[in-house]
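# Summary of the model geometry
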Amino acid sequence: MALQGPEELGEQVEEPEDLDDQDASSISPAEEITLPPGPGGEDEPEEALLLPWDRFSAWLHCICVVGFDLELGQAVEVIYPHHSKLSEKEKTSICYLSFPDSNSGCLGDTQFCFRFRQGSNRKSSLGCFLETTDRDAPPCLKREQGHYYGYVYFRQVRDKSLKRGYFQKSLVLISKLPYVTFFHSLLKIMAPEYFEKQEPCLEAACNDIDRWPTPHPGRILTLPIMGVVIKVRIPTCYDKPGTSQLVQSGQSDSQVSIVLPTIHEVDLFRCFYPVFFHIQMLWELVLLGEALVVMAPSPAESSDTVLALVSCISPLRYCSDFRPYFTIHDSEFKEYTTRTQAPPSVILGVTNPFFAKTLQHWPHIIRIGDMKQAGEMAKQMKVKKLKNLKTLDSKPGVYTAYKPYLNKDEEIIKQLQKGVQQKRPSPAQNAILRRYFLELTQSFIIPLERYVASLMPLQKSISPWKSPPQLRPFIQQDFMKTLEKAGPQLTSRLKGDWIGLYRNFLKSPNFDGWFRNRRREMTQKLEALHLEALCEEDLQQRVQMHSEVETVDLVLKLKDKLNQAEKEQLPVRPGTVAKLRAHIEAVILALPEDLQGILHKPSTP
């Protein structure tokens, strides 16, 4: 918004819609009350004003129990809390995605996750609050806008008293948060208790969760659940990439039962082990947003592998659709399997053999075997080579005609193979692989970051009485020219067609998502610098030179600027907003009383 002096009026820029209002969970209507601080540390002032079930809604949308009915098939038996809203389409998705395909043969207890489209928009009193907690989250841990995650604990055991001869039931946590490791750990505590004690313990668990502090990035939280205490740290976008801020267990943690070193990371080495000769090519395919399907023997292996693929380009956010577990009953089945158009930019995880035929026209197929025994996998690795096949056999491997842009990095393969031979612990192998992917992604993204930073106007071009200057446009040719002297060769030993890789990346959803986010951050920085420049001005002296009408106009513009700063959480120096508020008040008090009364009224949204 232009904040000009009364002599040069500017147009107001439309503010973006509050996206979080659209995807926050529904809550029960209740009077506003002050709750005691949740166990886990001091509450922020705004947390003290949360409504009943707001804390629960900050973590979960709801908890579902999905059972098998002989006449109806899978059915949602229970939803907690009872006031939670799910559309019929959402319930259907949850039903089909909460059970493994019959061919998976999952006896005993199985854990996996799925992701599905949100069926309808819901308003919540949490909208603005969640926006502030989300602001400091790393890109890969921000709340989902149009999708839910489902975290499943499925139990199938023989039971002769039942007609089918099996007890089959799933406990499912529905959330907007991609905290995979955390929610699976939570289910390990909740599900066995539920299967033994049934619904009363679900109610108790919901009440426990509604007393938790909200998942604010940077905080270390202690979270009591059903007599167990979990200690976690929510990562922040300011953490150094590749470092795990381990939660140390000290003497004061005598009541802590579980300390989770990560809330979201999967074991990359275990997931990629069946195909790890091709990890660099898989990184390229994910980076470019190519259509990928993972065919696995069970939903657990399918979902872990898809999540590993999505996270291998971290800290870059994967911006296309991905489904850790996808079935033929999914509402997007026809959309994603049609042969009338090219496969969409999506990663699907499937277990049903039917997909081997339905998706054989897809350009890239990853087939993985059973991940249970490392010894068995080692044999598979040595035998399997990359091939271009039109039909699928049962051997693990990557089936594609894709030719990688970069030369193969033999060093990482040798390092991991040596680890297998020397029986290096899996966490160490995982750390090596995660570091490799991180350095590869950073080498790729640093030239882009450097070029985009050059699009920022100089600070001296910011005038308090003119609109903030615009960012210069991203010009592909100009960026490509920078690669000759400041390309990835400065930080990566890999040779190959980096230019071709960048050219393809610039057409991908991942670039679009990354650039939109960077442009928004830089625009907000310009707005913040503009605001700070305004605060340094002597407004009293300025209004003395102008009429009352012009002064009122200035006050209204300043108020708009203040609202923008608070709504968008602009990255201003501490005290800037308070200083601007004081400036506005001083200008208003210099006006006649009748105008003061009008200007002191709160503005209507």
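About the thresholds
- Residues numbered from 1 in each chain as written.
- Predicted model: local features only at pLDDT ≥ 70, side-chain atom pairs only at ≥ 80, totals over all residues.
- Heavy atoms only, no water.
- Disulfide = S-S within 2.5 Å.
- Axes fitted to C-alpha atoms, helices over the stretch in contact; angles between N-to-C directions.
- Helix = DSSP H or I, 4+ residues; strand = E, 2+ residues; numbered from the N terminus.
- Parallel < 35°, antiparallel > 145°, perpendicular 65-115°, else oblique.
- Left-handed = near helix turned anticlockwise from the far one by under 90°.
- Contact = heavy atoms within 4.5 Å.
- Nonpolar A, V, L, I, M, F, W, Y, C, P; charged D, E, K, R; others polar.
- pLDDT = per-residue confidence, 0-100.
- Buried < 20%, exposed > 50% of the residue type's maximum accessible area, 1.4 Å probe, protein only.
- Salt bridge = Lys/Arg side-chain N within 4 Å of Asp/Glu carboxyl O.
- Pairing = 2+ DSSP bridges.
- Core = buried A, V, L, I, M, F, W, Y, C linked by side-chain atoms within 4.5 Å.
- Domains from an automatic or database assignment.
- Phe/Tyr/Trp six-rings, centres within 6.5 Å; stacked < 30°, edge-to-face > 60°.
- Lys NZ or Arg CZ within 6 Å of the ring centre and 35° of its normal.

## Concerning the state of the cysteines
Counted under the stated rule, the structure contains zero disulfides. The closest cysteine sulfur to the non-disulfide-bonded Cys201 is located on Cys206, 9.7 Å from its own sulfur.

## As for the packing of helix α17 (residues 509-535) against helix α20 (residues 576-589)
At a minimum axis separation of 9 Å, α17 and α20 run at an interaxial angle of 45°. For the element pair α17 / α20, the angle class is oblique. Remark: the crossing between α17 and α20 carries left-handed chirality. Together, Leu531, Glu532, Leu534 and Cys535 of α17 and Thr576, Lys579, Leu580 and His583 of α20 make up the contact between the two elements. Partitioning the contact of α17 with α20 into residue classes produces four nonpolar, two polar and two charged.

## Points about the confidence of the model for the chain
Residues of the chain with pLDDT of at least 70 account for 82%, and the chain-wide mean is 81. In this model residues 373-392 is a low-confidence stretch, pLDDT under 50, and it forms 33 contacts with partners more than four residues away in sequence or in other chains.

## A look at the environment of Arg434
Position of Arg434 among the secondary structure elements: in helix α14 (residues 426-453). On the accessibility criterion, Arg434 (18% relative accessible area) is buried. In the structure, Arg434 is positioned 120 residues away from Ser314 in sequence and 9.1 Å away in space, judged by C-alpha atoms. Not counting residues up to four positions away in its chain, the partners in contact with Arg434 are Glu265, Val266, Leu268 and Ser311.

## Points about the pattern of salt bridges
One pass over the structure, following the stated rule, counts 22 salt bridges. For Arg117, the salt bridge is made with Glu332, and the minimal N-O distance between the two is 3.5 Å. Of this pair, Arg117 sits in strand β3 (residues 108-117) while Glu332 sits in the loop between β10 (321-323) and α10 (333-337); the two residues are 215 residues apart in sequence, bridging distant segments of the chain. Residue classification places Arg117 among the partly exposed positions, given a relative accessible area of 34%. In this structure, the salt-bridge partner of Arg323 is Asp330, at a minimum N-O distance of 3.5 Å.

## Description of the pairing of strand β12 (residues 364-367)
Two strands pair when backbone bridges link them, and strand β9 (residues 292-295) and β12 are joined in this way by four bridges, in the parallel orientation. By the bridge assignment for β12, Val294 is matched with Ile366. Looking at chain direction, β12 and strand β13 (residues 397-400) are connected through four bridges and run antiparallel. Within β13, the position partnered with His364 by the bridge is Thr400.

## Here we look at the nonpolar core
Ranked by internal contacts, the top residues of the largest apolar core, which has 107 residues, are Trp59, Phe182 and Leu448. For this core, the domains that each give at least three residues are domain 1 (54-260) and domain 2 (267-522). Setting aside residues up to four positions removed in sequence, Leu448 forms contacts with Phe474, Phe479, Tyr502, Phe505, Leu506, Phe511 and Trp514. Counting residues in hydrophobic clusters, the runner-up holds 20 residues, among them Ala528, Leu531, Ile584 and Leu595.

## Structural notes on the packing of aromatic side chains
Taken as a whole and judged by the stated rule, the model has 42 aromatic pairs. Arranged with centres 6.0 Å apart and planes meeting at 70°, the rings of Phe182 and Trp212 form a pair that is edge-to-face. Of this pair, Phe182 sits in helix α5 (residues 180-197) while Trp212 is found in the loop between α6 (199-209) and β6 (220-225), placing the two residues 30 residues apart along the sequence. Taking the relative accessible area as the measure of exposure, Phe182 reaches 0% and is therefore buried. On the basis of relative accessible area, Trp212 is assigned to the buried category, the value being 0%. A ring pair is formed by Tyr273 and Phe276, whose centres lie 5.6 Å apart and whose planes are at 45°; its orientation type is tilted. This pair shows no difference in class: Tyr273 is buried, exactly as Phe276 is. Pairwise contacts between aromatic rings join Trp283, Phe444, Tyr451, Phe474, Phe479, Tyr502, Phe505, Phe511, Trp514 and Phe515 into one cluster. Directly above the aromatic system of Tyr148 lies the positively charged group of Lys176, at a separation of 4.5 Å from the ring centroid.

## Here we look at the side chain of Glu532
Counting through the fold element by element, Glu532 comes out in helix α17. Here Glu532 falls in the buried class, since its relative accessible area comes to 7%. Glu532 has contacts with Pro571, Val572, Arg573 and Thr576, leaving out every residue within four places of it along the chain.

## A word on the sheet that holds strand β2 (residues 73-80)
One open sheet accounts for five strands, arranged β2-β1-β5-β4-β3; its pairing is antiparallel. Among the strands making up the open sheet, the edge pair consists of β2 and β3. Strand-to-strand twist across the sheet, computed as the mean angle between neighbouring axes with direction ignored, equals 25°. In this sheet, β2 lies alongside strand β1 (residues 62-69) in antiparallel orientation, the contact comprising seven bridges. Of the residues in β2, the one forming a bridge with Asp69 is Gly73.

## Digging into the sheet that holds strand β11 (residues 346-350)
If you trace the five strands from one edge of the open sheet to the other, you get β10-β11-β9-β12-β13, paired in mixed fashion. Each of the sheet's edge strands pairs with one partner strand only, and the pair in question is β10 and β13. Ignoring strand direction, the axes of neighbouring strands in this sheet form an average angle of 15°. Sitting on the sheet, helix α8 (residues 279-287) is in contact with β9, β11, β12 and β13, with an inclination near 50° to β13.

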